[in-house]
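Structural description and commentary
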Number of protein chains: 2
Amino acid sequence: MTNSIDQLPARQQQALKTRSRLLKAGKEIFLENGFQKATISQIIKKAKTGYGTAYVYFKNKDELFITLMEDLMNQFYEVAEMPFKPQTKDEAYENIKKQVRLFLQLALDEQDMMKVVKEAIGVSPEIDHKWYMIRERFIERISVDIRYAQVQKLAKQHLDPSLTARGWFYSNEMFMWELVMNEDKYKMDDVIVNLTSMYTGGLYE
Amino acid sequence: MTNSIDQLPARQQQALKTRSRLLKAGKEIFLENGFQKATISQIIKKAKTGYGTAYVYFKNKDELFITLMEDLMNQFYEVAEMPFKPQTKDEAYENIKKQVRLFLQLALDEQDMMKVVKEAIGVSPEIDHKWYMIRERFIERISVDIRYAQVQKLAKQHLDPSLTARGWFYSNEMFMWELVMNEDKYKMDDVIVNLTSMYTGGLYE
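Since this is a predicted model, take the numbers as computed values, not measurements.

1. Description of the overall build of chain A
Assigned secondary structure in chain A consists of nine helices and zero strands. Counting helices and strands in the order they occur from the N terminus, chain A gives α-α-α-α-α-α-α-α-α. Principal-axis analysis of the C-alpha atoms gives chain A an extent of 60 × 40 × 30 Å. Classification of the 205 residues of chain A by burial places 51% in the buried group. Residue pairs in contact within chain A that sit at least 24 positions apart in sequence constitute 72% of those at least 6 positions apart. Per element, the accessible surface of chain A, about 10,500 Å² overall, is 52% carbon and sulfur. When the 29 basic and 29 acidic side-chain charges of chain A are each reduced to a single mean position, those positions are 4 Å apart.

The structure is reproduced here in structure tokens:
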């Protein structure tokens, strides 16, 4: 496979490399110092570039962090957007259990970065808003899966897909934060089975 | 009814009055300026007292705010601690629906103060911890109700009371914040019915 960067003119290749060096340095500094204590000076020093150059790519620390969050979230979206076409309640249960496991496992694989995300949400309104938008994308996708299950007559017809998706995402999100912050407090398997049983028991006929 | 303050020696009466004046002034300042922008100077000025006096009652802004949160939470605890002794699944559904409504309604009645609580949780680790402890108290109480329903053979035996209580509280809490921040985005009745249906459908036989 050819790397698409190699096809670009030299100046654009350089630009992409600088941007990616800033992101890499940013991630290291955020992981080391947390969000609030990290500074742009630390990041450009580590990326071996200047303020002016950095500013071309990222207006400020929040914007750089949001780009890192987006990279991280793309992995989560892949889980959320897994095909969901169950033919039976049992199949739905197995699919959903698998999704919950992948979602929680991803968060634990990126545990240190997720801790910084949590800190950043609390202190930066821009990042809080970004998290809000990420959440809405998950909820929208879950609503689609619920509507599918209702059309298939697997799920109860009287439930509102969008509110149900929201409640379900909230439980998952909050358990995810709990696991990220206190990994040893819970047995991951118990959390997964309990969440999935409650959800499919409530939603499916 | 005699007011119990009247029974105390004059000096203690004075102390209680000062403390309560500080709390009242604090609440007004927090509602006006938000948590971060509020200062102890503004509060003591409004309470017509001095720094030294204020310090006797509250070590800092966070401590005064936590006391206000506790007063607010006592109203919520009353809802959480309502007797729960259903004999049938339908009775459980009605009881739970009523509790959810009271919980969300209380949050909306105190909407402005809850917004300040949300802001404060994000920026003060002490207040974040306090909120964590409040949440644990709710979850503990819900676990008791779930165990009761399991003993009565109304609720599914294989579900873990504590994890189920946690997931349920999370959904309620997050909808509560959503309603507090964007009241007009949802129909409260739809939220209550959907939450309660999903929960009782998942938990009860």
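2. Thoughts on the domain arrangement of chain A
Interfaces are often sized by the amount of accessible area the parts lose when they come together. Residues and elements named next belong to chain A. When the domains of chain A are assigned, the result is domain 1 (10-58) and domain 2 (62-203). Taking only C-alpha atoms into account, the centre of domain 1 sits 30 Å from that of domain 2. Facing 13 residues of domain 1, the contacting portion of domain 2 comprises 16 residues. Between domain 1 and domain 2, a total of about 1,200 Å² is buried, with carbon and sulfur atoms accounting for 78% of that surface. Taken as a group, Phe30, Phe35 and Phe58 account for 48% of the area that domain 1 buries against domain 2, more than any other trio of residues on that side.

3. Side note on the pattern of salt bridges
Enumeration over the complete set of coordinates arrives at 26 salt bridges over all chains. One salt-bridge network, in which partners are shared between bridges, spans Lys24(A), Glu28(A), Glu32(A) and Lys46(A).

4. Focus on the packing of helix 5 (residues 89-109) of chain B against helix 9 (residues 188-203) of chain B
Residue and element names in this part refer to chain B. At a minimum axis separation of 9 Å, helix 5 and helix 9 run at an interaxial angle of 140°. By the angle between their directions, the pair helix 5 and helix 9 is classed as oblique. When you trace helix 5 past helix 9, the crossing you get is right-handed. Packed against helix 5, whose contacting residues are Lys89, Tyr93, Ile96, Lys97, Val100, Arg101, Leu104, Gln105 and Leu108, the element helix 9 presents Met188, Asp189, Val191, Ile192, Val193, Leu195, Thr196, Ser197, Tyr199 and Thr200 at the interface. Considering only residue class, the contact of helix 5 with helix 9 consists of eleven nonpolar, four polar and four charged.

5. So, helix 9 of chain B
An α-helical turn contains 3.6 residues, so a residue and the one three or four places further along point in the same direction. The terminal C-alpha atoms of helix 9 of chain B, which comprises 16 residues, lie 22 Å apart, in line with the 22 Å expected from a rise of 1.5 Å per residue. Of all 16 residues that make up helix 9 of chain B, 13 are buried, and the element is covered over most of its length.

6. A few points about the interface of chain B and chain A
Contacts between the two partners involve 31 residues from chain B and, on the opposite side, 31 residues from chain A. In total, chain B and chain A occlude about 2,500 Å² of area from one another, counting both sides; carbon and sulfur atoms represent 63% of this. It is Leu163(B), Met174(B) and Met198(B) in chain B that bury the most area against chain A; as a group they hold 25% of the surface buried on that side. Put simply, chain B and chain A have two salt bridges between them. Put simply, Arg166(B) and Glu178(A) hold a salt bridge, and the shortest N to O gap is 3.6 Å. Where chain B meets chain A, there are eleven residue pairs in polar contact (both at pLDDT 80 or more). Every element with two or more residues in the side of chain B that touches chain A is listed here: helix 6 (111-123), helix 7 (125-151), helix 8 (161-181) and helix 9 of chain B.

7. Structural notes on the UniProt feature "DNA-binding region" (unreviewed entry) in chain A
The UniProt record marks residues 39-58 of chain A with the feature "DNA-binding region" (unreviewed entry), using the residue numbering of this structure. For residues 39-58 of chain A, helix accounts for 75% and strand for 0%, while the C-alpha atoms at its two ends are 13 Å apart.

8. Structural notes on the side chain of Gln111(B)
All names here are of chain B. Inspection of the secondary structure puts Gln111 in helix 6. Gln111 sits in the buried class, given a relative accessible area of 14%. Beyond its immediate chain neighbours, meaning those up to four positions away, Gln111 contacts Leu179, Val180 and Glu183.

9. Topic: the relation of the copies chain B and chain A
One copy of the chain maps onto the second through a rotation around an axis plus a translation along that axis. Once turned by 180° and shifted 0.0 Å along the axis, chain B lies on chain A with an RMSD of 0.0 Å. Both chain copies can therefore be described as sitting about a two-fold axis. Comparing contact sets, 100% of the residues at the interface of chain B also lie at the interface in chain A, consistent with an isologous, same-surface contact.

10. Examining the packing of aromatic side chains
Under the defined criterion, the tally for this structure stands at 24 aromatic pairs over all chains. Geometrically, the ring pair formed by Phe30(A) and Phe35(A) is stacked, given 5.8 Å between the ring centres and 15° between the ring planes. For Phe30(A), a relative accessible area of 0% gives the class buried. With relative accessibility at 4%, the residue Phe35(A) sits in the buried group. Measuring from centroid to centroid gives 4.9 Å for Phe30(B) and Phe65(B), while their planes differ by 80°, and the two rings are edge-to-face. Of the two residues, Phe30(B) is situated in helix 1 (residues 10-37) and Phe65(B) in helix 4 (residues 61-80); the sequence distance between them amounts to 35 residues. Phe65(B) matches Phe30(B) in its accessibility class, with the two residues each being buried. Sitting above the plane of the Trp177(A) ring, Lys118(A) keeps its charged end 5.8 Å from the centroid. The ring of Phe35(B) carries Lys61(B) above its face, with NZ or CZ at 4.6 Å from the centroid.

Parameters at a glance
Residues numbered from 1 in each chain as written. Chains lettered and ligands numbered in written order. Predicted model: local features only at pLDDT ≥ 70, side-chain atom pairs only at ≥ 80, totals over all residues. Heavy atoms only, no water. Helix = DSSP H or I, 4+ residues; strand = E, 2+ residues; numbered from the N terminus. Buried < 20%, exposed > 50% of the residue type's maximum accessible area, 1.4 Å probe, protein only. Contact = heavy atoms within 4.5 Å. Areas by Shrake-Rupley, 256 points an atom, 1.4 Å probe, with all protein chains shown as cover. Lys, Arg positive; Asp, Glu negative; His and termini not counted. Charge placed at Lys NZ, Arg CZ, Asp CG, Glu CD. Domains from an automatic or database assignment. Buried area = accessible area lost by both parts, 1.4 Å probe. Salt bridge = Lys/Arg side-chain N within 4 Å of Asp/Glu carboxyl O. Axes fitted to C-alpha atoms, helices over the stretch in contact; angles between N-to-C directions. Parallel < 35°, antiparallel > 145°, perpendicular 65-115°, else oblique. Left-handed = near helix turned anticlockwise from the far one by under 90°. Nonpolar A, V, L, I, M, F, W, Y, C, P; charged D, E, K, R; others polar. Expected span 1.5 Å × (residues − 1). Polar contact = N/O pair within 3.5 Å; in protein donor to acceptor, adjacent residues only side chain to side chain. UniProt positions renumbered as here; feature names shortened; annotations may be inferred. Least-squares fit on C-alpha atoms with pLDDT ≥ 70 in both. Phe/Tyr/Trp six-rings, centres within 6.5 Å; stacked < 30°, edge-to-face > 60°. Lys NZ or Arg CZ within 6 Å of the ring centre and 35° of its normal.

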